[in-house]
Amino acid sequence: LEVFVSDTDHAAGSLVSRLRSADVDAVEVPLLGLGAAAAEADVVVVEAEFAGPTGAVCAAGSRAAAAVARAAGHEVWLLAGVGRVLPSRVWETALARVTLDAPWESDLEVVPADLIDRLVRTGGFGETSCLAIQPDGPVAPELLANLSW
């Protein structure tokens, strides 16, 4: 197993070190090599800042990696930690706050659900339909009224 770790948030080095200490062959990939790495990988894993019924908000570069993987015939897995899959109303409100007129200037971007093959959660794997039917994020009226990013 060889793991390519893309440095989208300047933390790839520490992950590569942890993987190597566990005897995993890991390679740090600069952001410029993201597309080439995604084309070579058997599976591309992107991490959600938060997700909802129509996709996930991830680090910049994630959408490109997912699209390249899809074009190469490889699977894309979305890693969504506890509390990151939001109910529809909260998702829509949060998504409206991060959608920019110039998305190429943002550190975050939306990866559409149709680019995601599997959902990875603490309880294991799920289908992308779980984004809509099994949210685990909080539902509180104050989140809808005072959400700011």
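Quick caveat: nothing in here was measured; it's all calculated off a predicted structure.

1. Thoughts on the pattern of salt bridges
Applying the stated criterion to the full structure yields two salt bridges. A salt bridge links R84 to E47, with the shortest nitrogen-to-oxygen separation between them at 3.6 Å. Highlighted residues: R84 in the loop between β5 (75-79) and α4 (88-98) and E47 in strand β3 (residues 43-52), separated in sequence by 37 residues. The exposure class assigned to R84 is partly exposed, which follows from its relative accessible area of 27%. Here R70 makes a salt bridge to D117, at a shortest N to O gap of 2.8 Å. Placement of R70 in helix α3 (residues 62-71) and of D117 in the loop between β6 (108-112) and β7 (118-121) is noted, with a sequence separation of 47 residues between them. Judged by its relative accessible area of 31%, R70 falls in the partly exposed class. In this structure D117 comes out as partly exposed when scored by relative accessible area, which is 25%.

2. Thoughts on the confidence of the model for the protein chain
Taken residue by residue, the protein chain gives an average pLDDT of 84. The fraction at 70 or more is 85%. Confidence scores differ between elements of the protein chain, with helix α6 (residues 141-146) showing the lowest mean pLDDT of 55 and α3 the highest of 95.

3. Remarks on the layout of surface pockets
Of the pockets and cavities examined, the largest pocket occupies roughly 1,200 Å³. If you trace the largest pocket, you find 41 residues lining it, with F4, V5, S6, L15 and V45 closest to the centre. Breaking the lining of the largest pocket down by element, the ones donating at least two residues are β1 (2-6), α1 (12-21), α2 (34-40), β3, β4 (55-59), α3 and β5. Counting residues per element, the lining of the largest pocket draws most heavily on β3, which supplies six residues. Looking at side-chain class alone, the lining of the largest pocket contains 25 nonpolar, six polar and 10 charged residues.

4. Some points on the side chain of H74
Locating H74 in the fold gives a position in the loop between α3 and β5. Within the local environment of H74, its side chain forms a polar contact with the backbone oxygen of A39, the two atoms lying 3.0 Å apart. A polar contact is formed between the side chain of H74 and the backbone oxygen of A41, at a distance of 3.3 Å. When neighbours within four sequence positions are excluded, H74 is seen to be in contact with A38, A39, A41, D42, A69 and D117.

Analysis parameters
- Residues numbered from 1 in each chain as written.
- Predicted model: local features only at pLDDT ≥ 70, side-chain atom pairs only at ≥ 80, totals over all residues.
- Heavy atoms only, no water.
- Salt bridge = Lys/Arg side-chain N within 4 Å of Asp/Glu carboxyl O.
- Helix = DSSP H or I, 4+ residues; strand = E, 2+ residues; numbered from the N terminus.
- Buried < 20%, exposed > 50% of the residue type's maximum accessible area, 1.4 Å probe, protein only.
- pLDDT = per-residue confidence, 0-100.
- 1 Å grid on protein atoms, 1.4 Å probe; cavity = no way out; pocket = protein on both sides within 12 Å on 5 of 7 lines; lining within 4 Å.
- Points joined across faces, edges and corners; volume = space filled by probe spheres on them.
- Nonpolar A, V, L, I, M, F, W, Y, C, P; charged D, E, K, R; others polar.
- Polar contact = N/O pair within 3.5 Å; in protein donor to acceptor, adjacent residues only side chain to side chain.
- Contact = heavy atoms within 4.5 Å.

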